[in-house]
Amino acid sequence: YEVLQNTQKFNVKFAVQEVANGLAGAILCAEKYVHDEPFALLLGDELLVAENGQTPCIKRLADIYKSTGNSVIATMEVFGDDVSKYGNIGIKEETDGVITVGAIVEKPSVNEALSNNAIIGRYVLSGEVMGMLKKLTPRNNEIYLTDALDVLAEQGKLMASTFEGDRYDVGDKFGYVKANVEIALKSKEIGQDVKEYIKELANRL
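The notes below deal with the structure included here.

Rules of the game
- Residues numbered from 1 in each chain as written.
- Predicted model: local features only at pLDDT ≥ 70, side-chain atom pairs only at ≥ 80, totals over all residues.
- Heavy atoms only, no water.
- Helix = DSSP H or I, 4+ residues; strand = E, 2+ residues; numbered from the N terminus.
- Contact = heavy atoms within 4.5 Å.
- Areas by Shrake-Rupley, 256 points an atom, 1.4 Å probe, with all protein chains shown as cover.
- Lys, Arg positive; Asp, Glu negative; His and termini not counted.
- Charge placed at Lys NZ, Arg CZ, Asp CG, Glu CD.
- Buried < 20%, exposed > 50% of the residue type's maximum accessible area, 1.4 Å probe, protein only.
- Pairing = 2+ DSSP bridges.
- Expected span 1.5 Å × (residues − 1).
- Arc of directions from axis to C-beta.
- Salt bridge = Lys/Arg side-chain N within 4 Å of Asp/Glu carboxyl O.

### Focus on the overall build of the protein chain
Stage number 1. The helix and strand inventory of the protein chain stands at eight helices and eight strands.
Stage number 2. Once the C-alpha set of the protein chain is aligned to its principal axes, its extents read approximately 55 × 45 × 35 Å.
Stage number 3. Across the protein chain, contacts joining residues at least 24 apart in sequence account for 69% of those joining residues at least 6 apart.
Stage number 4. Total accessible area on the protein chain stands at roughly 12,800 Å², and carbon and sulfur atoms take up 50% of it.
Stage number 5. The average position of the 22 basic charges and that of the 31 acidic charges among the side chains of the protein chain differ by 4 Å.

Set out below in C-alpha cells:
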C-alpha cells in the first residue's frame, strides 16, 4: 500500500522494443516521450544503492549535467578479465571524481582498453543524443549507444563520474542472489529475521 501511495503521483508511460536492435534501439523507442529534452537512462539489470548520507548516483549525474551542460555517464574501476565486459572510457582529465572523457571503446580486450574505467548502467544524456542515434549505422544488426557517446567525447561534450554506494549486477545469477540477501539484511521489516536465518543456514553448510 505504501509503495502504491508513493508511486501514484508519477505519470508512468512505457514503450515496447519490438526489434532486438540493441540498447540504442531501446532508447529510440522512448523518443516520442523524450523528444529533444535531456533524459536519465537507468538500466534495469544493475542496482545502485546509496546509504544514508550518500548521494544517489542519478542525482550526482544530474547535478554534473546542470553545472556543465554536458552528457554524463557513471563509471567504476574494473580490472583483469572484467575490463572486456564493459564499455571503456579514455580519461582526458579528472577533478574530484568528475572525468572529462576523451574517447570510448566498446568491450575492449585488456590490451585495447583506454583505462580501467568501465561504463555502467546510469546515464544523464542531452536531448541531442536522440538525433545522433537515429543517424547511426547499425553494426551486427544493433545500434550502439557507445558510438554516439564516442562522438560526444570527441567534441569534448561527455563527462563521467564515480558514484557512492553499492552496485549489484542483477543480470548475473550470483549478483541477483547477493542483491536480494544484502538488501534484505538492511530492511527494517525483515532484516533481523534474515540475519538469524543466514546464521542458522551457515551452521548447516
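### Some words on the pairing of strand β1 (residues 39–42)
Stage number 1. The alternating pattern of β1 places F39 and L41 on a buried face and A40 and L42 on a face that is not buried.
Stage number 2. The sheet contact formed by β1 and strand β6 (residues 117–125) spans four bridges and is antiparallel. Residue pairing for β6: L42 is matched across the bridge by R122.

### Quick word on helix α4 (residues 57–68)
Stage number 1. The terminal C-alpha atoms of α4 lie 17 Å apart, and with 12 residues this matches the ideal 16 Å at 1.5 Å per residue to within 8%.
Stage number 2. The complete set of buried residues in α4 reads C57, L61, I64 and Y65. The arc that holds every buried residue of α4, seen down its axis, measures 100°, which confines them to one face. What points out from α4, more than 90 degrees from its buried face, is the exposed set K66 and S67.
Stage number 3. Lining the buried residues of α4 we find β2 (46–49), β3 (71–77), β5 (98–105), β6 and β7 (158–161).
Stage number 4. A positive phi of about 75° marks G69, the residue just after α4.

### Describing the pattern of salt bridges
Charged atoms that come close allow side chains of opposite charge to pair.
Stage number 1. Under the definition given, this model contains nine salt bridges.
Stage number 2. With a closest N to O distance of 2.9 Å, E31 and K134 form a salt bridge. Remark: K134 occurs in helix α5 (residues 128–135) and E31 occurs in helix α3 (residues 31–34); sequence separation between them is 103 residues.
Stage number 3. On the basis of relative accessibility, which here comes to 52%, the residue K134 falls in the exposed class.
Stage number 4. Put simply, E51 and K186 hold a salt bridge, and the shortest N to O gap is 2.6 Å. Of the two residues, E51 is situated in the loop between β2 and α4 and K186 in the loop between α7 (173–185) and α8 (191–204); the sequence distance between them amounts to 135 residues.
Stage number 5. Take E51: its relative accessible area is 34%, and that puts it in the partly exposed class.
Stage number 6. Exposure remark for K186: the relative accessible area of 40% places this residue in the partly exposed category.
Stage number 7. Salt bridges sharing partners connect three or more residues here, namely E51, D166 and K186.

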